Amino acid sequence: MAMRQTPLTCSGHTRPVVDLAFSGITPYGYFLISACKDGKPMLRQGDTGDWIGTFLGHKGAVWGATLNNDATKAATAAADFTAKVWDAVSGDELMTLAHKHIVKTVDFTQDSNYLLTGGQDKLLRIYDLNKPEAEPKEISGHTSGIKKALWCSEDKQILSADDKTVRLWDHATMTEVKSLNFNMSVSSMEYIPEGEILVITYGRSIAFHSAVSLDPIKSFEAPATINSASLHPEKEFLVAGGEDFKLYKYDYNSGEELESYKGHFGPIHCVRFSPDGELYASGSEDGTLRLWQTVVGKTYGLWKCVLPEEDSGELAKPKIGFPETTEEELEEIASENSDSIYSSTPEVKA
């Protein structure tokens, strides 16, 4: 029986959502952080999209955001020439790391002791979070602003992307190992630790490379310019989104397009699979982020599959259920949070 994809729409941001990151799976589930040009990154419950809090403190657009594996710390990169590290449990700002230009990307090591940053000044910086007063280590070599920088190979190496180049660096020697050059701007980069796979998007291309050697594995062509792509944890599927407002889902092994549907009311800037692979999130120019089921019709999170009457002729449709919260309870929650670092109460809706 045919099933219809019914996304959860998470509102609350007032400008384009430009970056998304999931935590690992914790005893409390997994979590999702969003970076937005409104300067107010938000933390949400990953499987439902329920808003947890907003990190307040940046004075410019936030271009990058990430969580450590156990979701106890968050980091953000912003246009106010700073990267910030936050306590993701309380929402408190732990430190501000001053830069000389716009910061675009942040990434924690697996043990959360070091933070990697990159931005418009073309330098990679490595901060020891146990010694915030110490000067960071710097790696130079990029010839244009850095869009993305990621730890890889158990933090022994670093991957970074500027306008048309992806570079692999050795952490110990701080030297370049290898680079890839493209004939058009690199729009996104995702690192998959299991299998050491690097996903790169540029133009209409979605390319897969070895994260160890940068050797090509395979590539797909999409019908439109792609801004972001994400590989399923089990490497079964690939999702991508871009300038035509649509989301595309491909079979990773064959390259066959499995689904495509209009995902947003503006270009899609970022897509990411959840750590369990049950859903993927998309962030858009339209100011929303949406959660989509990998397998439509499966009961998961707020989705509950309800089959119609056999003779009704209707399509089966996932039903979206919400916790019963009265208006009085919502007002009380908002009042309690009005003076908190975690402010406002965005909603999640179908």
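Structure first, text after, so check above.
If you're wondering where the values come from, they're calculated on a predicted model, not measured in any experiment.

Draft legend 1. Seen up close, the sheet that holds strand β8 (residues 82-87). One open sheet accounts for four strands, arranged β6-β7-β8-β9; its pairing is antiparallel. Both edges of this open sheet fall to β6 (62-67) and β9 (93-98), since each of them pairs with a single strand only. Strand after strand, the sheet turns through a mean of 15 degrees between neighbouring axes, direction not considered. Bridge count between β8 and β9: five bridges; the pairing is antiparallel. Paired with V85 across the strands is M95, a residue of β9.

Draft legend 2. Summary view of the packing of aromatic side chains. For the structure shown, the criterion picks out nine aromatic pairs. Geometrically, the ring pair formed by F220 and Y250 is tilted, given 6.0 Å between the ring centres and 35 degrees between the ring planes. Pair noted here: F220 is in strand β21 (residues 216-221) and Y250 is in strand β24 (residues 246-251), with a separation of 30 residues, a long-range link. For the pair formed by F220 and Y250, the shared burial category is buried. When the ring of Y248 is compared with that of Y250, the centres are 6.3 Å apart and the planes differ by 20 degrees; the resulting orientation is stacked. Each member of the pair, Y248 together with Y250, is buried. Over the ring of W63 we find K104; its NZ or CZ atom is 4.6 Å from the centre of that ring.

Draft legend 3. Here's a closer look at the nonpolar core. In terms of nonpolar packing, the biggest core is built from 17 residues, with L159, V166, F182, M189, L198 and I200 touching the most fellow members. Contributions of two or more residues to this core are made by β14 (148-152), β15 (157-161), β16 (165-170), β18 (186-192) and β19 (197-202). Counting only domains with at least three residues in this core, you end up with domain 1 (17-181) and domain 2 (186-294).

Calculation criteria
- Residues numbered from 1 in each chain as written.
- Predicted model: local features only at pLDDT ≥ 70, side-chain atom pairs only at ≥ 80, totals over all residues.
- Heavy atoms only, no water.
- Pairing = 2+ DSSP bridges.
- Helix = DSSP H or I, 4+ residues; strand = E, 2+ residues; numbered from the N terminus.
- Axes fitted to C-alpha atoms, helices over the stretch in contact; angles between N-to-C directions.
- Phe/Tyr/Trp six-rings, centres within 6.5 Å; stacked < 30°, edge-to-face > 60°.
- Buried < 20%, exposed > 50% of the residue type's maximum accessible area, 1.4 Å probe, protein only.
- Lys NZ or Arg CZ within 6 Å of the ring centre and 35° of its normal.
- Core = buried A, V, L, I, M, F, W, Y, C linked by side-chain atoms within 4.5 Å.
- Domains from an automatic or database assignment.

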